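Residues per chain, in single letters:
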Amino acid sequence: MHQRSRSPKLLGAAIAAVLGLGLGVPPAAAAGAAPAADPDPVPGLVAGTDTAAPQLVTGLAEPAAGGTPADAARAHLAAHRDRYRVDPAQLVETGTERAADGRRTVRFTQQYGGVPVFGAAYLVHLAGEGGGQRVESIGGKYFTGLTAPTVSSVPDEVLRRLALGAIEDPAGREGATAEDHGPVVLPGGTGRLARHFTVRGTDPAVWAATAREVFVDATTGRLALAYDVRAPYRAAAAAAPGGAVAAAAATAAVEPATGTAPDTLGRSVPVNVGRLFDGSYQLTDLTRPAVITTYDAAGREVLDFNGGLPADARPAASAGPDFPASTGTSGATDAHLNAAAVDDFYRTRLGRAGIDGDNGPITSVVNVTSFGEPLQNAYWDGQKMIYGGGTGTYHPFSAARDVAGHEMTHGVVKHTAQLVYLGQSGALDEAVADYFGNAVEVTSRGIPMTDPRAALLGEDLCRAGTPEACAVRRLDDGRTTVADYTGAPAGVDNGGVHLNSTIFSGALWDIRRALDPLTADRLVYRALAEYLTPLDDFVDARGAVLAAGRALGLDRAQLRTVAGAFDAHGIKAGWQRRIGVDSRSLLRELSTESIAPDAAAGRWVAATTEKGGRGSLGVYAGSVTGSAEPVRLSPDDGRSHGWPATDGTTAAWAAMGQGANGQWGMEVFARPLDGGPTRSVHSAANQYLGDVRISGADVAFLANDFGTGRTWPQLSRGGAPVTAVPLPDGHAAADLTLKDGLLAWTESWQVGERTVSAPTVYSIAEGRTLAQYPAPDTTRVSGTRLAGGRLLWVETPTDQSRGSSIRSGAPDGSAAVDVLPGSTTAPRRITALTATDRAVTFGYAGGRVSDTMKNTDLPKLWQLPLTGGTPERVSCNRGGQYAPVADRGTRVLWLDATAGRTDLVVRERAAGTC
Ligand SMILES: [Zn+2]
């Protein structure tokens, strides 16, 4: 496994030879001699990753066919298939952008077997006119290795139900909707057929509302990809998604007029408004090519704006042309004026016809609440701007022009590069929004770039305190990839989209300071509109900005300034390799951090797809100490095989997908680690099977019935058919654990309004529950484990008055003791627990998701003796550490996100103090 189809470097050299182009690295430097004095700041050719099509080709001046730019671009790609490896039959033209200097960018997407390829976009840049057209550069992502099926093998209704499962809190699934966008091929390797849904619901535990883009593997039913839809200006938003905007109704029977309105500070300012035929007025600006309308939600729940505007929503209104005080205090006036200022910036400075580039309506909603409290955020919901109302701490969120510019720029991104809002491409979306948000503010208000406040975002929103303390981000924070990249997994801030944005926006801001601002704005806009594609990472985006600079006619010194700014922020090829780690990788680039590995007796099992997302999910096994390559244990039968467990001799796992009988379902398997036949333990058509465990001849797992929602343990002894371990009516099991003839779980049930939970241990030989340790009903139990002949669990007070404690009890139910008492001074929220007969290892998430979250706030692993003691850090790796599994002694394996990817790693003993 894990061999790349081709080495990108060799591939680059091969294509460069075909094209007769120089590579970005001069041959002298590659050979170890002194580098050339002035290397070309614009790469001539960048090879694609996981595709034979190049990511970027610049410096061309090849005559193109006549006809439309799209015809010429298509003919050029077809005539040079050996160079680009692009099949013209898979290209769908989605638009041609014409720049002020007459250059055209033709944008193609890719369809494989008639199914859109997620994130694929290939761009051809043309200059000259008519018969004199020529191709200057080409770039983007087109995937050449796709062989995935294009017809779903899982029924649509099953896919829909599995998509709803992306809302993790079952309570939030009630009333949730899954909007079906149809099939899509997820790229990477051979590709995967998925079905794309937008899932909207509520999640009371975390967000007021959730809106997630969810991709379900249409061959196996496994969740393939999921991320939040919303693009707020800060992390930790509580907000809702949107849908179609009913702006047409707002402008019906309205004529342009002028009036006055108070702003948030109570100053009367002139506003462009609309006069209705009944003689009243509303905040609709009809003087511009794009109609701007501003709604006052008047404290209404943000959920009501989920999926569009409520039927009875009306723009902020007034009986006469002079608007009342509430128009100012709600933030409506500021939203209205800031929308116009942002539209002016894009229109007059950059030649853009509004947010959507086609003078579509520009709609803002102010003064929304979340669970009765003013929403303390602002976001672009995919269609419109949403702003929270003011509080004692904050002005209304529309009051900050940089925040308005930031949110509207998310709209521009949606209509140009369509950056995927996840990981590095999502951080690029945030970075471009940061850059233009601040550029709009300083330009329209005449603030010089040398003003220390120029680089602050959202600095005007606080009613008290300094701008520096109020700002949510600053573009001059000097952060770099190698020193500062926050290793957040997909579940935290969409993979760190806000946490990592200033690494890139800081480089863009440095460029704006070093070049003149107008040139920099044109450069960044051109990169956004004509060079960036949805799946680009930081290094791809560096190439895009430099290619845009070359097209804009920047001279060599200017291009070197641009390249130098990226260098200063560590945005250059290979930066991930320069982040130090103190662990040893056993398996690199796992495709998910949400499936835990297992280990015992120096052997491990883990689930991943092959590198680059190739193929379906499979179970792999390896040795902690051995040098042998990991082997794939699960059959390659098109199903997703995951949720693995091992006792050091045999592995067990669950598979999801279409079984041998042609029906979709789940099946539990077991197979010796050293090979041999794969044995089916159990299969079920209408149950979700998880928490698979194995100990000798015993295999256990949890079954969750789709119909009743009940969850209970199931057990197979010595290859016999499974039997259910009965629980009392209304009781549910979680955190199953199995060791040496004992089975244990966290059992929970309702007593009136309260949920009671208790670690429970069961003797397989005796067929009865040995002990249950009911926790106080102000405490939630989790992480139940068996180790060293003891039962271990975590207790977390529901009121968070103190931190989680780790407790242990004997299987006979005698008195429980604290292994780690709950601290009141350093409250811990323990998220994972694993143990051997010597050591207990736990994961501790320090911080909530917030704007200022750093690597130090992401979960880290700690270890202490089973008998109690002072916890020590397992590893000083700076990023997120997930799914720890104790092997033996003090050895721990876990999934580590430090280097901007997820690796299975190991350490033999705790690192101590970091
Ligand atoms: Zn944002």
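Look up: the structure comes first, before these words.
Model, not experiment: these values are computed from the prediction.

*Asks:* Can you break down the overall build of the protein residue by residue, with the values?
*Replies:* The number of helices and strands found in the protein is 18 helices and 52 strands. Here the protein holds 914 residues, and the buried ones make up 59% of them. Here the contacts in the protein between residues at least 6 apart in sequence split such that 54% fall between residues at least 24 apart. With an accessible surface of roughly 34100 Å², the protein has 51% of that area assigned to carbon and sulfur atoms.

*Asks:* Account for unusual backbone geometry, with residues named and values stated.
*Replies:* Even without being a glycine, Ala601 presents a positive backbone phi close to 50°. By secondary structure assignment, the location of Ala601 is in the loop between strand 26 (598-600) and strand 27 (603-610). Using a relative accessible area of 43% as the deciding quantity, one classes Ala601 as partly exposed. A positive phi angle, near 50°, is found at Asp691, a position not held by glycine. For Asp691, the position within the fold is in strand 34 (residues 687-695).

*Asks:* Please give an account of the pairing of strand 5 (residues 104-112) that cites residues and values.
*Replies:* Of all the nine residues making up strand 5, seven are buried; the element is thus mostly covered by neighbouring parts of the structure. Two successive antiparallel strands, strand 4 (residues 91-98) and strand 5, enclose a turn made up of five residues, where Gly102 displays a positive phi of approximately 90°. Examined bridge by bridge, strand 5 and strand 6 (residues 115-127) share eight bridges and lie antiparallel to one another. Among the inter-strand pairings, Thr105 is bridged to a residue of strand 6, identified as His125. Hairpin geometry of strand 5 and strand 6 is characterised by an intervening segment of two residues between the two adjacent antiparallel strands and by a positive phi of about 55° at Gly113.

*Asks:* Can you tell me about the sheet that holds strand 39 (residues 742-751), naming the residues and giving the values?
*Replies:* Pairing is antiparallel across the open sheet formed by four strands, whose spatial order is 38-39-40-41. The strands lining the two open edges of the sheet, one partner per strand, are strand 38 (732-739) and strand 41 (768-772). Averaged over all pairs of adjacent strands, the angle between strand axes in this sheet comes to 30°, irrespective of strand direction.

*Asks:* Can you lay out helix 9 (residues 332-350) for me, pointing to particular residues and giving the numbers?
*Replies:* With 19 residues, helix 9 extends 26 Å from end C-alpha to end C-alpha; this agrees with the ideal 27 Å at 1.5 Å per step. A large share of helix 9 lies buried, amounting to 15 of its 19 residues. Of the residues flanking the end of helix 9, it is Gly351, one or two places downstream, whose phi is positive at about 75°.

*Asks:* Give a detailed account of the sheet that holds strand 18 (residues 317-318), specifying residues and quantitative values.
*Replies:* Judged by pairing direction, the sheet is antiparallel, and its four strands sit side by side in the order 13-14-15-18 without closing on themselves. With one partner strand each, in any of the chains shown, strand 13 (254-262) and strand 18 form the two edges of the open sheet. One ladder, built from two bridges, connects strand 14 (residues 268-276) with strand 15 (residues 281-282); its direction is antiparallel. Considered in strand 15, the bridge of Arg275 is made with Tyr281.

*Asks:* Explain the environment of His80 residue by residue, including any values.
*Replies:* Within the secondary structure layout, His80 lies in the loop between helix 3 (69-79) and helix 4 (81-84). Setting aside chain neighbours within four positions, we find His80 in contact with Glu62 and Arg85.

*Asks:* Account for the nonpolar core, naming residues and giving values.
*Replies:* Counting 91 residues, the largest nonpolar core has Phe436, Leu461, Phe504, Ile511, Val562 and Phe566 as its most contacted members. No other element matches helix 11 (residues 423-445), which puts nine residues into this core. By size, the runner-up hydrophobic cluster in this structure holds 55 residues, among which are Tyr112, Val158, Ile595 and Ile764.

*Asks:* Residues and numbers for the side chain of Arg542, please.
*Replies:* For Arg542, the position within the fold is in helix 17 (residues 538-552). Given a relative accessible area of 15%, Arg542 falls into the buried group. Here the side chain of Arg542 touches Asp567 through a polar contact of 2.8 Å, side chain to side chain. Separated by 2.9 Å, the side chain of Arg542 and the backbone oxygen of Ile571 make a polar contact. Apart from the residues lying within four places of it in its own chain, the contact partners of Arg542 are Phe504, Ala563, Phe566, Asp567, Ile571 and Lys572.

*Asks:* Describe helix 17, with residues and values.
*Replies:* With 15 residues, helix 17 extends 21 Å between its outermost C-alpha atoms, agreeing within 8% with the 21 Å of an ideal straight helix rising 1.5 Å per residue. Taken across its 15 residues, helix 17 has twelve buried, putting it largely inside the fold. For helix 17, the full list of buried residues reads Phe538, Asp540, Ala541, Arg542, Gly543, Ala544, Val545, Leu546, Ala547, Ala548, Gly549 and Ala551. Here helix 17 starts with a cap whose side-chain oxygen sits 3.1 Å from the backbone nitrogen of Val539, and that cap is Asp537. Just downstream of helix 17, Gly553 is the residue with a positive phi angle, here 85°.

*Asks:* Describe the side chain of Ser501, naming the residues involved and giving the relevant values.
*Replies:* Here Ser501 lies in helix 15 (residues 501-514). By relative accessible area, which is 0% here, Ser501 ends up buried. Among the polar contacts listed, one links the side chain of Ser501 to the side chain of Asp434, at a separation of 3.0 Å. For Ser501, the side chain forms a polar contact with the side chain of Arg473, separated by 3.4 Å. Leave out the neighbours within four places in its chain, and Ser501 touches Ala427, Glu430, Ala431, Asp434 and Arg473.

*Asks:* Describe the packing of helix 15 against helix 18 (residues 556-568), with residues and values.
*Replies:* In contact at an axis separation of 9 Å, helix 15 and helix 18 are set at 145° when each is read in the N-to-C sense. Helix-helix and strand crossings are classified by hand; for helix 15 and helix 18 the assignment is right-handed. In this structure, helix 15 uses Phe504, Ala507, Leu508, Asp510, Ile511 and Ala514 to contact helix 18, whose residues at the interface are Thr561, Val562, Ala565 and Phe566. Counted by class, the contact of helix 15 with helix 18 contains eight nonpolar, one polar and one charged residues.

*Asks:* Please set out the state of the cysteines residue by residue, giving values where relevant.
*Replies:* The full count for this structure, using the stated rule, is two disulfides. Each disulfide pairs two cysteine sulfurs, and for Cys462 the partner residue is Cys470, the sulfurs being separated by 2.0 Å. Of note, the bridge from Cys462 to Cys470 carries an S-S torsion of about 90° and is right-handed in sense. Its relative accessible area of 12% is what places Cys470 among the buried residues. Shown here for the protein is a disulfide pattern of 1-2, 3-4, where each number marks a bonded cysteine counted in sequence order.

*Asks:* Hey, could you go over the pattern of salt bridges for me, with residue numbers and the actual values?
*Replies:* Following the criterion strictly, the structure yields 45 salt bridges and no others. A salt bridge links Arg526 to Asp101; its shortest N-O distance comes to 3.1 Å. Pair noted here: Arg526 is in helix 16 (residues 517-530) and Asp101 is in the loop between strand 4 and strand 5, with a separation of 425 residues, a long-range link. Take Asp101: its relative accessible area is 40%, and that puts it in the partly exposed class. One salt bridge in this structure joins Asp263 and Arg267, with 2.9 Å as the shortest N-O distance. Bridged by salt links that share partners, the residues Asp101, Arg103, Arg134, Glu136, Arg526 and Glu530 form one connected network.

*Asks:* Requested: an account of the packing of helix 15 against helix 17, with residues and values cited.
*Replies:* Axis angle and axis distance: for two packed helices, these are the angle between their axes and the distance between the axes, and together they describe the pair. Two numbers describe how helix 15 lies on helix 17: the axes approach to 11 Å, and their chain directions differ by 20°. The angle between the axes of helix 15 and helix 17 places the two elements in the roughly parallel class. Seen from above, helix 15 lies across helix 17 with right-handed handedness. From helix 15, Ile503, Phe504 and Leu508 reach across to helix 17, where they touch Phe538, Ala541, Arg542 and Val545. Its residues placed into classes, the contact of helix 15 with helix 17 shows six nonpolar, no polar and one charged.

*Asks:* Could you give me a rundown of the environment of Glu373, with the residues and numbers involved?
*Replies:* Tracing the sequence through the fold places Glu373 in strand 20 (residues 373-374). Residue Glu373 is classed as exposed on the basis of its relative accessible area, which comes to 53%. Each C-alpha atom of the pair Glu373 and Thr391 lies 8.8 Å from the other, and the pair is 18 residues apart in sequence.

Cut-off values and rules
- Residues numbered from 1 in each chain as written.
- Predicted model: local features only at pLDDT ≥ 70, side-chain atom pairs only at ≥ 80, totals over all residues.
- Heavy atoms only, no water.
- Helix = DSSP H or I, 4+ residues; strand = E, 2+ residues; numbered from the N terminus.
- Buried < 20%, exposed > 50% of the residue type's maximum accessible area, 1.4 Å probe, protein only.
- Contact = heavy atoms within 4.5 Å.
- Areas by Shrake-Rupley, 256 points an atom, 1.4 Å probe, with all protein chains shown as cover.
- Pairing = 2+ DSSP bridges.
- Axes fitted to C-alpha atoms, helices over the stretch in contact; angles between N-to-C directions.
- Expected span 1.5 Å × (residues − 1).
- Core = buried A, V, L, I, M, F, W, Y, C linked by side-chain atoms within 4.5 Å.
- Polar contact = N/O pair within 3.5 Å; in protein donor to acceptor, adjacent residues only side chain to side chain.
- Left-handed = near helix turned anticlockwise from the far one by under 90°.
- Nonpolar A, V, L, I, M, F, W, Y, C, P; charged D, E, K, R; others polar.
- Disulfide = S-S within 2.5 Å.
- Salt bridge = Lys/Arg side-chain N within 4 Å of Asp/Glu carboxyl O.
- Parallel < 35°, antiparallel > 145°, perpendicular 65-115°, else oblique.

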